[in-house]
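Structure at a glance
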Amino acid sequence: MRTTVTIDDDVRKALEALRRERGLSTSAALNELARRGLAASLSDTAEPFRQRTSSMGRPRFAVENIGETLELLEGPDYR
């Protein structure tokens, strides 16, 4: 696949260093860096996010009627 990309200076320097060091073409060096980044992100050992929950108990009032609940919480002039 051919495409045009904008490469930041730090990535360009790493790309050039790898290209010179290993005698690779620019495309081969870019693919190598991309594969390294993919491998590093796939092997990340961070645990997945888990939301902790806790029971808040039963509500002290019914919340089926939003208007009544707002009036109870905010007072009769909640609007």
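This text follows the structure it describes.
Below: a short report on this structure. Here the structure is a predicted model, which is why all the values come from computation and not from measurement. (Residues numbered from 1 in each chain as written. Predicted model: local features only at pLDDT ≥ 70, side-chain atom pairs only at ≥ 80, totals over all residues. Heavy atoms only, no water.)

1. Points about the overall build of the protein
- Helices and strands together make up the secondary structure of the protein, namely three helices and zero strands.
- If you list the helices and strands of the protein from N to C, you get α-α-α.
- The principal-axis extents of the C-alpha atoms in the protein amount to approximately 75 × 30 × 25 Å.
- Considering the protein as a whole, with its 79 residues, one finds that 6% of them fall into the buried category.
- In the form shown here, the protein has an accessible surface area of approximately 7,800 Å², with 50% of it arising from carbon and sulfur atoms.
- Charged side chains of the protein number 13 positive and 13 negative; the gap between the two group centres comes to 12 Å. (Helix = DSSP H or I, 4+ residues; strand = E, 2+ residues; numbered from the N terminus. Buried < 20%, exposed > 50% of the residue type's maximum accessible area, 1.4 Å probe, protein only. Areas by Shrake-Rupley, 256 points an atom, 1.4 Å probe, with all protein chains shown as cover. Lys, Arg positive; Asp, Glu negative; His and termini not counted. Charge placed at Lys NZ, Arg CZ, Asp CG, Glu CD.)

2. Describing a nonpolar patch on the surface
- Together, V5, I7, V11 and L30 make up a nonpolar patch on the protein surface, roughly 270 Å² of accessible area in all.
- You can see I7 is positioned in the segment before α1 (9-22).
- On the basis of relative accessible area, I7 is assigned to the partly exposed category, the value being 31%. (Patch = residues over 30% accessible without salt bridge, like charges linked within 9 Å, V, L, I, M, F, W, Y side chains within 5 Å. Salt bridge = Lys/Arg side-chain N within 4 Å of Asp/Glu carboxyl O.)

3. Observations concerning α1
- When the terminal C-alpha atoms of α1 are compared, their 20 Å separation across 14 residues agrees well with the 20 Å that a helix rising 1.5 Å per residue should span.
- G23, located one to two residues past α1, shows a positive phi value of around 65 degrees. (Expected span 1.5 Å × (residues − 1).)

4. Quick word on the environment of T53
- Its location among the elements puts T53 in the loop between α2 (26-42) and α3 (66-74).
- Between the alpha carbons of T53 and E74 there is a distance of 27 Å; along the sequence they are 21 residues apart.

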